Number of protein chains: 2
Amino acid sequence: MSASVQPDLQSTSPFRTAEQREADRAAKRNALLLAAARMFNARGFHATSLDDVAASVGVTKPTIYHYLGNKEQVLIECMTIGLIQLQEAAAAARAEPGTAMERLCSFLRRYAEVNMAEFGQCVIRTGDELLSPEGLEKLRSLKRPIDAAMRSFIVEGIEEGSIVSADPKMLAFTLAGALNWPGRWYRPDAGSPPSEIATAMVDILMQGFAARR
Amino acid sequence: MSASVQPDLQSTSPFRTAEQREADRAAKRNALLLAAARMFNARGFHATSLDDVAASVGVTKPTIYHYLGNKEQVLIECMTIGLIQLQEAAAAARAEPGTAMERLCSFLRRYAEVNMAEFGQCVIRTGDELLSPEGLEKLRSLKRPIDAAMRSFIVEGIEEGSIVSADPKMLAFTLAGALNWPGRWYRPDAGSPPSEIATAMVDILMQGFAARR
């Protein structure tokens, strides 16, 4: 078999390329993680069994061990995806033009939307007490840049005069709490879509509930 | 033993009166519930054992069964106390003079403080998925009047013009979420006291984070 015929062979070969194998592996990991996230959110960590997660995608538990690891590793992987989505939301908002206030609003809307999606809901619904010390430390290191981004949008906004002079830490806690909570109550089958909920909540937080006289 | 000497006897009798027995029973129940709430909050429901709760107050598990019942019954009792405190906060605010806006602020501050206390933290930290259908129904019926009170302060405030014309449901969700979240992060051993945190958060929610120009 000479080198010159290889390209032709590749396109019709029953053997997959390294890229195809990698894409296939990633698609399988993602399907397993999404199934796991949905079950963690619906039943809680302790009541979720990897057997049931595996069955929901038509495989068996050893397949999950092979692709993802044990139950805590699966949970941490789900939470990691949610936290990376939040980090990406912060980076995207940081790159936007406009005032720090506008960038904060943009970040907050996306932050709320992520919290209503499967992996973000895992982040919100998992209390620290459910995690091992190593798992907790890993997740804390992923959360730190998100908290720091929230804080820095706020500090910049206060400096430019577009955000009220409040304690930045307390303001960050208040905004994060309000926009974390939809991760608890949001159900895809009822009510407004996440983007509308996020916009309405950020507007309320921005304007305050006191009527302006 | 004639009826006429009974009052004197009662005060020196080694036998307790019905009132004393009832007070004693209530004090024991309260001590057990507080110990349980602290352990549920620190470890989560599944990782808490009634043996450990009992040991933390120097008794054994049968004592807890006798006074409170099984582990879910203990959790529901802790959450019930927190929810009754929230109901009382709504009733106290409703009885205050002033505008609906002022009553809402008063309710929200107390709401936040309850959520930072032991029994309120149990309410915040317990996901619906941890409860049996019967337990969930009982707690929902206790939560309903609290949600209704929040909603009615808001509707009255919108009518009197003191609260912004927002969707009352979305406003209630936003305020509740912001003031529920301290139940997750608050630690008695670090930072400001609950009353200061509550006041600062309600001020932020009232004024909004956008600077007024």
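A. The overall build of chain A, seen in detail. Within chain A one finds 11 helices and 0 strands. Counting helices and strands in the order they occur from the N terminus, chain A gives α-α-α-α-α-α-α-α-α-α-α. At 21 Å, chain A has a C-alpha radius of gyration far larger than the 17 Å of a compact globule built from 213 residues. Expressed as lengths along the three principal axes of its C-alpha atoms, the size of chain A is roughly 80 × 50 × 35 Å. Partitioning the intrachain contacts of chain A with sequence separation of at least 6 by distance along the chain shows that 66% fall at a separation of at least 24. Carbon and sulfur atoms make up 54% of the accessible area of chain A, which totals about 10500 Å². Averaged over its 24 positive side-chain charges, chain A has a centre that lies 4 Å from the centre of its 25 negative ones.

B. Representation of the relation of the copies chain A and chain B within the structure. Overlaying chain A with chain B gives an RMSD of 0.1 Å, the required rotation being 180° about an axis along which the chain moves by 0.0 Å. These values place the two chain copies in the arrangement generated by a two-fold rotation axis. Interface overlap between copies is the fraction of interface residues in one copy that are interface residues in the other; for chain A against chain B it reaches 100%, indicating a shared surface.

C. Here's a closer look at the nonpolar core. Counting residues in each nonpolar core, the largest one holds 126 residues, and the members touching the most others are A:Phe209 and B:Phe209. Structurally, this core is a two-domain feature, drawing no fewer than three residues from each of domain 1 (16–69) and domain 2 (78–213) of chain B. Excluding anything up to four places from it in sequence, B:Phe209 contacts A:Met101, A:Leu104, A:Cys105, A:Leu108, A:Ser162, A:Ile163, A:Val164, A:Leu171, A:Leu175, A:Val202, A:Leu205 and A:Met206.

D. Molecular detail of the interface of chain A and chain B. Of the residues lining the interface, 42 residues belong to chain A; the matching set on chain B comes to 42 residues. Between chain A and chain B lies a buried interface of about 3800 Å² when both sides are counted; carbon and sulfur atoms form 68% of it. Broken down residue by residue, the surface that chain A buries against chain B is led by A:Glu129, A:Trp181 and A:Phe209, which jointly contribute 22%. At the junction of chain A and chain B, the tally comes to 0 salt bridges. Summed over the shared surface of chain A and chain B, the number is 10 residue pairs in polar contact (both at pLDDT 80 or more).

E. Structural view of the packing of aromatic side chains. Across all of its chains, the model carries 9 aromatic pairs over all chains by this definition. Look at A:Trp185 and B:Phe173: their rings are 4.4 Å apart centre to centre, the planes differ by 35°, and that puts the pair in the tilted class. Of this pair, A:Trp185 sits in helix α10 (residues 182–185) while B:Phe173 sits in helix α9 (residues 168–180), which puts the two residues in different chains. Here the aromatic residues A:Phe107, A:Tyr111 and A:Phe153 are joined through ring pairs into a cluster of three or more.

F. Structural context of helix α8 (residues 133–160) of chain B. Residues and elements named next belong to chain B. Given a rise of 1.5 Å per residue, 28 residues ought to cover 40 Å, and the 40 Å separating the end C-alpha atoms of α8 matches this to within 8%. Lys143 marks where α8 bends most, by close to 25°; the proline Pro145 follows one to four residues later. Looking at the buried residues of α8, the elements they touch are α5 (71–94), α6 (100–116) and α9.

G. Quick look at the environment of B:Ala55. The residue B:Ala55 is located in helix α3 (residues 50–56) in this model. According to the relative accessible area criterion, B:Ala55 is exposed, its value standing at 53%.

H. View of the pattern of salt bridges. All names here are of chain A. Inspection of the entire model under this criterion finds 20 salt bridges over all chains. One salt bridge connects Asp24 with Arg16, and the closest N-O pair in it is separated by 2.9 Å. What makes Asp24 partly exposed here is its relative accessible area of 27%. Each member of the salt-bridge network shares a partner with another, and the members are Arg16, Asp24 and Lys28.

I. Focus on helix α8 (residues 133–160) of chain A. Within the span of α8(A), buried status applies to A:Gly135, A:Leu136, A:Leu139, A:Leu142, A:Ile146, A:Ala149, A:Met150, A:Phe153, A:Ile154 and A:Gly157. Looking one or two residues beyond α8(A), the residue adopting positive phi is A:Gly161, at roughly 85°.

J. Expanded view of the state of the cysteines. Residue and element names in this part refer to chain A. A full pass over the atoms with the stated rule returns 0 disulfides over all chains. The cysteine Cys122 is free of any disulfide, with Cys78 supplying the nearest cysteine sulfur at 4.7 Å. We classify Cys122 as buried; its relative accessible area is 1%.

Calculation rules
Per chain, the residues get numbers from 1 upward, laid out in the order the sequence is written. Following the order in which they are written, the chains are lettered starting with A and the ligands numbered starting with 1. At least 70 in pLDDT is required for a residue's local features to be given in this predicted model, at least 80 for side-chain atom pairs to be given and counted, and no such filter applies to totals for whole chains, interfaces and linings, which use all residues. Heavy atoms from the whole structure form the basis of all side-chain values; hydrogens and water molecules are not counted. Helix numbers and strand numbers start at the N terminus; a helix is a DSSP run of H or I with at least 4 residues, a strand a run of E with at least 2. The size measure is the radius of gyration over C-alpha atoms, and the globule rule it meets is 2.2 Å times the number of residues to the 0.38 power. Any two residues whose heavy atoms approach within 4.5 Å at even a single point are treated as in contact. To measure how exposed things are, a 1.4 Å probe is used in the Shrake-Rupley method; for residues, cover is taken only from the protein chains shown. Asp and Glu are treated as the negative residues and Lys and Arg as the positive ones, with His and the ends of the chain left uncounted. For the purpose of locating charges, the reference atoms are NZ of Lys, CZ of Arg, CG of Asp and CD of Glu. The atoms used to superpose the copies are C-alpha atoms, taken from residues with pLDDT of at least 70 in both, and the fit is least squares. Side-chain atoms within 4.5 Å are what join buried Ala, Val, Leu, Ile, Met, Phe, Trp, Tyr and Cys residues into a set we call a nonpolar core. Each residue is assigned to one of three classes by its accessible area relative to the maximum for its type, calculated with a 1.4 Å probe on protein chains only: buried under 20%, partly exposed between the two thresholds, exposed over 50%. Domain ranges listed in this record stem from an automatic or a database domain assignment. In short, buried area is how much 1.4 Å probe accessible area vanishes from two parts on joining, totalled over both. Any carboxyl oxygen of Asp or Glu within 4 Å of a side-chain nitrogen of Lys or Arg constitutes a salt bridge here. By the criterion applied in these results, polar contacts are pairs of N or O atoms within 3.5 Å in which, for protein atoms, one can donate a hydrogen and the other can accept it, and in which residues neighboring in sequence qualify only through two side-chain atoms. In this analysis, rings of Phe, Tyr and Trp, with Trp reduced to its six-membered ring, are considered paired at centre separations within 6.5 Å, and the interplanar angle assigns stacked below 30 degrees, edge-to-face beyond 60, and tilted for intermediate values. Here a helix's expected span is defined as the number of its residues, less one, multiplied by 1.5 Å. Two axes define the bend at a residue: one fitted to the seven residues ending there, one fitted to the seven starting there, and the bend is the angle between them. Note on disulfides: each one is a pair of cysteine sulfur atoms within 2.5 Å.

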